[in-house]
Each structure stands twice: as C-alpha cells, then as structure tokens.
Amino acid sequence: MFHYGSGNYEAFAHPRKPEGIEHKHAYIMGSGLAGLTAAICLVRDAKMPGENIHIYEKDPIPGGAMDGYQYQMLGYTMRGGREMDNHFEVMWDILRDIPSIENADYSVLDEYYWLNKDDPNYSLCRVTENRGQDAHTDKKFAVDQKAQEQILKLYLTPEKDLEDLSIEDVFDDDVLNSNFWLYWRTMFAFENWHSALEMKRYMQRFVHHIDGLPDLSALRFTRYNQYESMILPMVKYLESKGVQFHYGTKMDDVQFVIREDEKLAQSITVSKDGKSEIINLDEDDLLFMTIGGLVENSSFGSQNEPAKLNTDLSDDGGWSTWKKIAKQSDDFGHPEVFCSDPEKTNWESATVETLDEEVFPYIQAITNRNVLTGHVVTGGIVTAKDSSWLLSWTINRQPQFRDQPDHHALVWVYGLFTDREGDYVKKAMRDCTGEEICEEWLYHLGVPEDQIHDLAANHCNTVPCMMPFVTAFFMPRKKTDRPLVRPEGSKNFAFIGQFAETPRDTIFTTEYSMRTGMEAVYDLLDIERAVPEVWGSVYDVRDMLKAAVHMRDGKPLTEAQLNPVEKIALYELFKKVKGTDIELVLKEYGAIPEDYE
C-alpha cells in the first residue's frame, strides 16, 4: 500500500527495484498525462524494462487532451490549455527527470522554472465590457458579508454533506453575481449547475492562490503549447527506454474475475483497423485504464464550417468501455452520472491564427503588451463579462508552435454558453463557423463593425472545436461515482485519469492526471517511496488568513459587519492573544490592523 509524504527525505529517496519486476508486463490504456506518468513511474521507480510496457492509444498521436497540432488542411488547433501551479508536486517530481527536447542537459522542470522566473505571469486586464473597455474590477472580489458567509460555509462543509448538490444549492445571487464568481467560473470553467463538492475541493486546494485570482499571478505556463512542451519530451523519454507505443488501437472491453475478497483483470480486448485482439492477463501483468474522457467526441470545424456537436457514445472508447467495465462491479464507478447530459457538460473553443498584424492594435489596447515579444501577453484569460456566450480569450507567449510563421499569433478563445445567440453574430456559438466565432471575438475586442468581417475572413484563420463532455467531471456526484485508483481487492489493475478518485486533489488539472498515474504504480508494486501529498495550504493558518483578508478586498476582520454581541466576543478574543505570536501573525496577514487596540 502506497503512502503520502512531504519534505526532502521522501522526495529525494530512490526506491529499490521490486522483486521479480523484470518478469512483469504492463498494459496502459491511453497516452494522456495519466498513462505517460504511469509508464515513467514504471521505468524510473519500479525499474521495469521498457520493452515490457505497452501503451495503447486510439488516436494516431499521443497526448490525449494535452494536444496542440497543425492539421494540413485545417490549421493550428489547441482544444484547451492548462493553467499550472507551483505546487503541483507530482508533476514537478516527474518533470525534473524528463530531459528537455531542446537541450538534453536540462530537464523540462528546469526550462519551465527559468522561463517563469524570468517572465512571471500576471494579467493587466482580466475583464472587459462594452466592446473591449476595461471593466475596472480593480482586483476586487466584491463579495458582501452574506456572500462571504456562504463561501466560508462551503469551505468548511464536509464532502459527504455536499454529495449530489450543485453550486446553485449552496450559493445564491450574492455570490453568483460577484466578481469572485466571474473570475472563478471563467478561469476554471465552472457552471452554476456543477458540483458543490468539486467547488469546495478547488477552494481548499488553491486557498494559497486566492490573492492571485483577480490578476492570474498565481498561474504558470509553458513556453510552447503543452503538447510540444510536455507530451513530446515525456514520449521521447519513454521511447528511449524501449516503451512500446501502439497508436490507432482502442480498448474495447476488459473482463474481470471478481471474488468476494479479490478482483483480477483477466483479459483485455483491443481493436485496430477493424480487427480485434484478446490479450490474456495474469497476476504478473498490470493493467492501467484511462476511463471516461473530457475530449471524447470532440470535433473540429473550420474557417467555413461549424464544429458538430456529437453526443453519441456508442463506440467512442473512453466512455463506452467504462460503461462495460462498470457493469461488472459497483466498485468500478457510475459513468452515466457524468456523461448523460451533454447540454450541461459542453463548451466550445476556437484557435484563431492571425495571419498578419492587423488585429494586434486592438489586442494591445486591452493587454497593454506587445504580442510578438515572446513574453507574457494576456497573462491568462481575458473575459468579456457582457458576452452572451461568456467569451474568454488568451494569448500565451508567441510563438506557441516551434514552426509558427513569423508575425503570426495564435489566440485561444472559448465560450461557456454554446446554445446562446451571439451579440454580433446572431447565432448560437455551436452553429457558427470559425470565421463567425472570430467575428464575435473581434466585436468584443472593440474592432469597428465595418472592419470585423474583413479581418475575420482575410486576416485570420479560425478553427472551432466542440467538446460535448469537457466538464463532465464537474457534474454533481457521490464519492462512489468515481472508482478508486485501485479499487478494493484489486490484484493487478488500476484506474487512472480524470475520472478516477483520489482524495483532496482537483480534477481538470495536469496534476490530477499525473497523480493518479503515480499512485496506481506505487500502490500495485508497493514502491518504497512516498507519493508527494497534495500541497497542504488548506491546513496552513497563514494561507487561510491571507485568503480571508483578500476575499474581503483587503479589509481586516475587525471591520466585519457584526452585531454587538459578536463584536464584544471578537474584541475579547483579540485581547487574549495580545502580546503573543498569534497577534503578530494576525497583523502580518492583515487580519487586524497594526494599530488595533
């Protein structure tokens, strides 16, 4: 059984090779971050021979949702982008041992650290309104006393009491109309009907970054798109170790032997080019399964064609296979909880390639930064708060692709409400071509209306992408709706990825996928090293004080709206800590003023 740990003692230890590892074989379903991490842990920590590891991927290239690719007849595409945190402990544990593909003397972590140290991320304009005008949220959360109480109550409510509840069940308009919710929902892609349990996890997981939410200074980004910056180095490392990649190969089914006290994966059925193969397993074989999938059934449109909304899961791979697996044991989760209502789990993104610099003046008027310096531009998303699609957009460091033409820039745009009519293009986002989505974006940039069509049609190429299940994991759920990474009684298999359950960490992050991959390997092989625990800011009084004060837009707790009895109680409490270290901490983090008596 694996365990969690923190500190250098566990982090720097090198585990010993498990007995008999050279005779074991591993089968990994999916080449996203979870699958690649599992393979790296097998090679690096378990010392398994690379040729004994097989990664099956239904697509022609690796990476799963971590994509970034130029299609010959379509253009550049990035279905999404991941915002990263300096306390993604598993991620940095892995990437410190993965050589950069640009300079093998450095690790991916080295590159990333130096980049963000030299060019720190922050936004100069987080929210716009009235067609590109700064909304002047002024880094304020604008949550009143009632909203603060609702947020604090959710923060402190046990997860078991939040099962199957939505955010609307715990927040009313005092929260949902605040700047706090505008920042939060657009940064993390939460909808009002999503899970209150997941919202609570996010608040606790990232309490140390509450102060960086309004200007996105909490975030870190890679140099290029995340496929080139992260996936390719991991794949190259694994290939150098002899790991076998099988592309265009889909897992169709898994058969288990289930007894009262144990569960054994007995065989897997995979298919390629219409031909099926059954691979028999025994207790010396290990199976790691990526289930579900946030980009399953995603489809690209083009400059002149809308992206299709495809909700048929009859033969998609990730979901249909999980449904077959789940029928064999209640311990294998309940996929229908997450994938049965695509109207509540879809949104659409688009990759805009500017073909020259004609649009740049409008971008720079908002960002106050030059687009082509190679440095931070937007510093994260910019949200048009009065957009009927709730449109957000971002420009990361350019170029985003190593082969990107000079003077071109890539913009990532997404909308949370794909069924609503646009403000300029009088169509639902999901019905729009790439050109029309670009027109709507240009409208909210403040481009004069008589120039919008020409710029979208002749100076940009836009590729839309519809993702029906991209926020499926945010649907209200019970703890048991996601299977444990290693279900009770499992002898030789584990679930990995965004729909496997591991405590405290938050889905829709690179860290979550990688954590499940590491936990799966460490647990099945009893690796003699700790999995880095989720960063413990939720237990740090300093982070909680800092967050509480920033949520009050810098006002100390002594200015809270309290009744006379509460004010007396608070005063008596502060009297008791006067002259102690507690008083010093309260003052250091702004909970009480320096001159408070």
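Residues numbered from 1 in each chain as written. Predicted model: local features only at pLDDT ≥ 70, side-chain atom pairs only at ≥ 80, totals over all residues. Heavy atoms only, no water.

## Comments concerning helix H10 (residues 226-240)
Structurally, the α-helix is built with 3.6 residues per turn, so residues lying three or four positions apart point the same way. Test applied: The helix and strand labels rest on DSSP assignments: H or I over at least four residues marks a helix, E over at least two residues marks a strand, and numbering proceeds from the N terminus. To estimate the expected span of a helix, count its residues, drop one, and scale the result by 1.5 Å. Note on bend: the value at a residue is the angle between axes fitted to the seven residues ending there and to the seven starting there. Accessible area is worked out with a 1.4 Å probe on protein chains only. A residue is then buried under 20% of its type maximum, exposed over 50%, and partly exposed in between. The contact criterion used throughout is that any non-hydrogen atoms of two residues lie within 4.5 Å.
Taking 1.5 Å of rise per residue, 15 residues should cover 21 Å, and H10 covers 21 Å from first to last C-alpha, within 8% of that figure. The largest bend in H10 comes to about 30°, at Leu 232, with the proline Pro 233 one to four residues further on. Taken together, the buried positions of H10 are Gln 226, Tyr 227, Glu 228, Ser 229, Met 230, Ile 231, Pro 233, Met 234, Val 235, Tyr 237 and Leu 238. The inward-facing, buried residues of H10 abut helix H2 (33-44), strand S3 (53-57), helix H3 (89-95), helix H4 (108-118), strand S8 (244-247) and helix H16 (510-525). Residue Gly 242 follows H10 closely and has a positive phi angle near 90°.

## Re the environment of Lys 427
Here Lys 427 lies in the loop between strand S17 (409-415) and helix H14 (434-445). Along the chain, Lys 427 and His 23 lie 404 residues apart, while their C-alpha atoms are 59 Å from each other. Apart from residues lying up to four places away in sequence, Lys 427 is in contact with Trp 389, Arg 420, Glu 421, Gly 422, Cys 432 and Glu 436.

## Let's talk about the side chain of Arg 552
The criterion, for reference: Counted as positive: Lys and Arg. Counted as negative: Asp and Glu. His and the chain ends are not counted at all. Salt bridge, as used here: a side-chain nitrogen of Lys or Arg that lies within 4 Å of a carboxyl oxygen of Asp or Glu.
When you line up the elements, Arg 552 lands in the loop between helix H17 (541-551) and helix H18 (564-577). Here Arg 552 sits buried without a salt bridge, and the closest side chain of opposite charge, Glu 559, lies 5.3 Å off (N-O distance). In this structure, Arg 552 is in contact with Gln 145, Gln 148, Leu 557, Glu 559 and Ala 560, ignoring residues within four places of it in sequence.

## Section: the domain arrangement of the chain
For interface size, the figure often reported is the accessible area lost on association. For clarity, the threshold we go by: What counts as a domain boundary in this text is fixed by an automatic or database domain assignment. Each of two parts loses accessible area, computed with a 1.4 Å probe, when they are put together; buried area is these two losses added. Pairs of N or O atoms within 3.5 Å make up the polar contacts considered here, provided that, within protein, one atom can donate a hydrogen while the other can accept it, and that residues adjacent in sequence are counted only when both atoms are side-chain atoms.
If you check the domain split of the chain, you get domain 1 (17-102 + 223-342 + 471-527), domain 2 (111-128 + 347-467) and domain 3 (564-596). Listed by partner, the interface residues are 37 residues for domain 1 and 36 residues for domain 2. Overall, the association of domain 1 and domain 2 removes approximately 3,100 Å² of surface from exposure, summing both partners, and the carbon and sulfur fraction of that is 55%. The largest per-residue losses of area from domain 1 upon contact with domain 2 belong to Tyr 76, Arg 223 and Gln 303, which jointly make up 30% of the total buried on that side. Where domain 1 packs against domain 2, one counts one salt bridge. A salt bridge links Arg 402 to Glu 102, with the shortest nitrogen-to-oxygen separation between them at 3.0 Å. Remark: the boundary between domain 1 and domain 2 carries 21 residue pairs in polar contact (both at pLDDT 80 or more). Among the elements of the structure, strand S4 (69-71), strand S5 (75-77) and strand S13 (299-300) are those that each provide at least two residues to the side of domain 1 that touches domain 2. With three residues, the single largest contributor to the side of domain 1 that touches domain 2 is S5.

## Considerations on the packing of helix H8 (residues 179-188) against helix H9 (residues 196-205)
Selection rule: Helix axes are fitted to C-alpha atoms over the stretch in contact, other axes to C-alpha atoms as well, and angles between N-to-C directions run from 0 to 180 degrees. We call two directions roughly parallel when the angle between them is under 35 degrees, roughly antiparallel when it is over 145, roughly perpendicular when it lies between 65 and 115, and oblique otherwise. As a working rule, the residues Ala, Val, Leu, Ile, Met, Phe, Trp, Tyr, Cys and Pro are called nonpolar, Asp, Glu, Lys and Arg charged, and the rest polar, with Gly in that last group.
Interhelical geometry of H8 versus H9 gives an angle of 100° and a closest axis separation of 13 Å. Here H8 is positioned roughly perpendicular relative to H9, judged by the angle of their axes. The segment H8 lies against H9, with Phe 180, Trp 181, Trp 184 and Phe 188 engaging Met 199, Tyr 202 and Met 203. Class assignment for the residues of the contact of H8 with H9 results in seven nonpolar, no polar and no charged.

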